[in-house]
Amino acid sequence: MNGLARATVRFRPASFAGTFVALFFAATVVTACGALLQTGITAHLPPVRYAHVPVVAVADQDAHVTTGHGDDRDTDSEPLTGTPRLSTALAGRIAARPGVAAAVPDVAFPVTASAAGAVEAGPLTGRDWSARLVADPRPGAAGPAAPHPGEVVLDSATARAAHVAPGGTLTLTTPDGTARYRVAGLADAGRYGSATVWFADAQAGALSGHPGRADAIAVLARPGTAVEALAAQVRAAAGKGVTVDTGDARGAAEQPQLGSAKEMLIALGGSFGGVATATAVFVVMGTVSLAIGQRSREIALLRAVGATPRQIRRTVATEALLVAPVAGAAGIGPGVLLARWWLRQLVDRGGVPHGVELDAGWIPMAVAVGAGLVSALLAGYLAARRPARARPGQALGEAAVERRRPGVVRTVLGVAAVVGGVVLAVVAAHVTGDDAASTALGVVFSLMVGAALLGPVVAWFTSTVLGLPLRAGGVPGMLAAANARAGARRLAAAVTPIALVTAFCGTLLCMQGSITHTAARQVRAGVLADQVIGSAGPGLPAAVADRAARVPGVDAAVGVVRGGALVREGGALDSLTVLGVSGNPARLGRAVDLDVRAGSPGALTGDGSTVAVDTLLAESAHVKLGGRLTLWLDDGTRIRPRVVAVYGRGLGLGQVLMPRAAVAAHTPAAYDTQVLVRDAAGADPVAVRHRLAALGVPGMTVTDRSGYRAQNDKDLELNAWANQVMAVVLGGFAAVAAANTLVMTVLDRRREVALLRLAGATRRQVLGMLRWEALLVALGGLLVGGAIAWVTLVPVARGMTGAAPYVPPGTALGIFFGAVALALGSTLVPARFLLGTRAAAAAGPRE
Amino acid sequence: MEKTTKAKTAAANPVESPAPAVELRDVRRRYGRGDAAVHALRGIDLTLPRGSFTAVMGPSGSGKSTFLQCAAGLDRPTAGSVLLAGEDITGLSENKLTKLRRTRIGFVFQSFNLLPSLTVQQNVLLPQRLAGHRPDRRRAAAVLAQVGLERHARRRPGELSGGQQQRVAIARALVTEPEVVFADEPTGALDTGTAREVLALLRRAVDGAGATVVMVTHDPVAASYAHRVVFLADGALAGELSAPDPAAVAERMVALAGRPAGTTGAVA
């Protein structure tokens, strides 16, 4: 059978081109996702700042929740949304250990310099003076003396840029406020780092907005102490909740964002990769089934001449073994390129820290090639089963009529897949945030498998219902309608990939569109401010809101701090957005309309014991008015506040609302993000704006209502971009599969087209018939895919936005015209090629 | 291996006449169910002796092709039994039937007989390779010489004319020295001259090599090459003719075609 397989592949390579293309793109997509997964698992960063520090102690960067007892114990860990901090008192305990030469608390906060030098100086980092030892632990030869409170030491480069010399003064804005400082000395930028301002140790903590807390504690060793021994001593001194890092782990301490970046890469490579792999298998199986179905006559002849069903299957398997590895190997290169581009984009957009390199080992490649091979073999086996076992007499009949009714097994499985998909969709209503996209894709895939298995039903629907108006289309239309009715299997094979494209792109893009649309709508309705004070720098000090409230013509001014938190939902943790508001909560309604559904924000207290939540969050966390919620704030502080209000505009404004006092100390940078100002009745907005601008806060901008930035812009943008890339990757792959399938089916109709020509149809009439058929396929695919996308979107959109899905008109039109263009192009281009040959030659007895 | 068995049986029972090549006992074939059922064969009883050339004729819809497929083991009858050289093949599994097709049965169809991706020689040797035997190239060359195509051994079917393709198909059918060769309208698509060559080939296989040939045809001239013509109408036997000549055959066919549906004749 080997020889037969090789002969067939060599003689008719074109018939395997379709299978080759499908396997090639499948390998590309699977390799890319696998490479991202592997990168996520192995990503590490070498320490840069902590390179000279042997041991670094940081607070545990994950939150943990444990459920169950004994064998059932299950711990879910999730990276905290912000940066956890250590108490500086720990430095003292560590320093007491014998092997420790010094334990330096590392405090850092954003600082802006104002007045003349501000523009050239750029954003600065404020640090405590002892932290200079982190950059260079060697005892300073002739360095500047320590600054006193009220004094600072600048690095030489910044001093040059700001045109300031030792003895001069500088106005600096810190989270604590704006003040003038005397420059006590300069530190060598090359040795200690640039763009840095060192404050007195005693003052730095208060200025940072987090008094008594440090980002990390750098531990220096006494000469003769080994790193491991030192680490053990530090661990003993530190106790629970503190991670002691040595070696490469220090890089993770330096870049706490690495944890969440790794999680995102793993989710991308794992969950999305899973869906992509399943789709690849699905597409390969469909293509191989089609290819074998087109050879049923040949198989019947082999059976008649004496090939057993097993020999037929072995031939098919050998063909797969010849084609699949080559196609898989060819797809690996583009797959790695795709992964590399993807990672670079994520780094550029801030989702992944710089310095993370793509790690594409042999495992993703082996999986890609293996998956393609296995699916080709499996598809070949399944597709060849019936023709191999059928009695040759039936198969060789002149009229190759297809079975009217689908097999029982296939129908049952198809219905099961559809039901499973619907059930999964209902479950998906409770999934939020990061998992939503993956769950939605899972639903889409399940429904698509059902649609594929129920192909004959889909074909019947398309040909009968949609084909009705075709009768009016003249002879080409009538022929197209007849072909559609008679060639149900061919029609189903063509409709399925178009439905796949529509379902994937529609779901991902409309899901994103729904979220963006609802958030924008909520912001439009919820923000009542007439003026918005923003900042071009890291933020606004807390005092600005109070000062703005006292400006004449202003009715209310509310400062908002944006942060994140983790909430406990059952046994798992989920991240959410937090809005901290300054001022009297009872007067909050002047500047922000939350659409309060129950309770009242006026009952909020600043001690963190009370909270207002969004209704969707209340649903998913199973908490009602008066109930308690378990939250981990940005820095890991756990609180259990009582819910005193439930409101409706969480997507646009924030899922959890608390007074600023309860939140600010725990956010990474203790600045206000914006200040919302409501004008008094009858005040002149322009005049008020001038007066606000005159407040003179460095880096401030005053705009009207449109300046309000919706929640967590960077994250939202990253999510939106990620969804778009997923849509392009999956949708693109499905589009290639659709084009591939259509080209295969058209080229297989060489004889039929030739017969039509001989019977008297002109080229134009034949093309017209094929055009109608292509439109039918496109329409059928759009309807089925659209229905699947809708069934998926309704519960998911309800869970995420509380409203019906929003279909951006641009997206809908784009998908519609894209599908039509795809179907038309893939049908008419090979058709023109077919019609180029002389009719008589093509219709002859030679196949 | 099967040949030695046959020889042994023949040697062990020298007095008994050899079993007929093909025997059909009350073979029925029904498609569909209930009211919509189509009765393609309604109880056929027929014996075809060894070394005979039988033509099966009848108007369209009479069940000729179904008869051939049931007799050749390509299709399973709804009722009745088919015996090949005395062995009942009706109940055999698909695998066993397949093995029969490799060595003991050969056939030729009206068209699409050859695998387009294999050369002429590979097509002829296909049944042997499927059986797992080493391909006997000399035998293939001999059979190709018999059909006059020894020089085309390395060509592909696409490069041959229709008649040449049919001759290759016959070569393949004869290469394993089968007990019976079934042919379904082998000359249907050929011109008279080529048809005559093909029919002569088949007759030579019967007279020279002792093969048994069963041929379905609608052409009275083709039927005249056979020893006997059996007529089918409405799924039942409707008479036969020995030592046929084209005119007599044609006359019978016209008479059959003119008969109203539902009446059957007795088996001669």
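Residues numbered from 1 in each chain as written. Chains lettered and ligands numbered in written order. Predicted model: local features only at pLDDT ≥ 70, side-chain atom pairs only at ≥ 80, totals over all residues. Heavy atoms only, no water.

**Student:** What should I look at first to understand the overall build of chain B in this one?
**Tutor:** For chain B, the helix and strand inventory stands at nine helices and 10 strands. The buried share of chain B, taken over its 268 residues, is 52%. Contacts spanning at least 24 positions in sequence make up 67% of the contacts within chain B whose residues lie at least 6 apart. When the accessible area of chain B is evaluated, it comes to approximately 12,100 Å², of which 51% is carbon and sulfur surface. (Helix = DSSP H or I, 4+ residues; strand = E, 2+ residues; numbered from the N terminus. Buried < 20%, exposed > 50% of the residue type's maximum accessible area, 1.4 Å probe, protein only. Contact = heavy atoms within 4.5 Å. Areas by Shrake-Rupley, 256 points an atom, 1.4 Å probe, with all protein chains shown as cover.)

**Student:** I'm lost on the domain arrangement of chain A in this one. Help?
**Tutor:** For an interface, size is often stated in terms of accessible area lost upon the parts coming together. Residue and element names in this part refer to chain A. Domain assignment breaks chain A into domain 1 (1-45 + 256-401), domain 2 (55-255), domain 3 (455-526 + 713-786 + 800-847) and domain 4 (528-704). The gap between the C-alpha centroids of domain 1 and domain 2 is 51 Å. With 10 residues of domain 1 in contact, the opposing surface of domain 2 contributes 11 residues. Across the interface of domain 1 and domain 2, roughly 720 Å² is buried in total on both sides, 60% from carbon and sulfur atoms. Summed over the three residues of domain 1 that lose the most area to domain 2, namely Leu45, Pro256 and Glu263, the buried surface amounts to 67% of that side. Between domain 1 and domain 2 we count zero salt bridges in total. At the boundary of domain 1 with domain 2, the tally comes to two residue pairs in polar contact (both at pLDDT 80 or more). (Domains from an automatic or database assignment. Buried area = accessible area lost by both parts, 1.4 Å probe. Salt bridge = Lys/Arg side-chain N within 4 Å of Asp/Glu carboxyl O. Polar contact = N/O pair within 3.5 Å; in protein donor to acceptor, adjacent residues only side chain to side chain.)

**Student:** What am I meant to see in the nonpolar core here?
**Tutor:** Inside soluble globular proteins, nonpolar side chains tend to come together where they are buried. Counting 168 residues, the largest nonpolar core has Phe272 and Trp342 of chain A together with Val22, Ile44, Phe67 and Phe182 of chain B as its most contacted members. With 15 residues, the single largest contributor to this core is helix α20 (residues 488-526) of chain A. Looking at which domains feed residues into this core, each of domain 1 (1-45 + 256-401) and domain 3 (455-526 + 713-786 + 800-847) of chain A supplies at least three. Excluding its chain neighbours within four sequence positions, the residues that come into contact with Val22 of chain B are Leu46, Thr47, Leu48, Ala71, Leu83, Leu84, Val180 and Phe182 of chain B. Residues Phe53, Ala183, Leu190 and Val198 of chain B belong to the second largest nonpolar core, which totals 46 residues. (Core = buried A, V, L, I, M, F, W, Y, C linked by side-chain atoms within 4.5 Å.)

**Student:** Is there a simple way to explain the sheet that holds strand β6 (residues 108-113) of chain A in this structure?
**Tutor:** Residue and element names in this part refer to chain A. The strand order β6-β7-β11-β8-β10-β9 describes a closed barrel built from six strands, whose pairing is mixed. Averaged over all adjacent pairs, the angle separating strand axes in this sheet is 45°, with direction ignored. Pairing geometry for β6 and strand β7 (residues 124-128), over four bridges, is antiparallel. The partner of Pro110 across the bridge, within β7, is Thr125. The strands that helix α8 (residues 201-208) touches are β6, β7, β9 (169-174), β10 (177-187) and β11 (196-199); relative to β11, the one it contacts most, it runs at about 115°. (Pairing = 2+ DSSP bridges. Axes fitted to C-alpha atoms, helices over the stretch in contact; angles between N-to-C directions.)

**Student:** It is not clear to me how a positive patch on the surface should be interpreted in this structure. Could you clarify?
**Tutor:** A contiguous patch of positive charge, built from Arg6 and Arg10 of chain A together with Arg129, Arg134, Arg137 and Arg154 of chain B, is present on the exposed surface. Structurally, the position occupied by Arg10 of chain A is in helix α1 (residues 2-11). Given a relative accessible area of 65%, Arg10 of chain A falls into the exposed group. (Patch = residues over 30% accessible without salt bridge, like charges linked within 9 Å, V, L, I, M, F, W, Y side chains within 5 Å. Lys, Arg positive; Asp, Glu negative; His and termini not counted. Charge placed at Lys NZ, Arg CZ, Asp CG, Glu CD.)

**Student:** Before we go on, may I ask you to explain the pairing of strand β19 (residues 610-614) of chain A in this structure?
**Tutor:** Each regular strand carries side chains that alternate between the two faces of the sheet. All names here are of chain A. Burial of β19 is extensive: five of the five residues sit out of reach of the surface. In the sheet, β19 pairs with strand β22 (residues 642-647) via five bridges, with the strands oriented parallel. Of the residues in β22, the one forming a bridge with Ala612 is Ala645. In terms of strand pairing, β19 meets strand β23 (residues 656-659) through two bridges, oriented antiparallel. Directly across from Ala612, in β23, lies its bridge partner Leu657.

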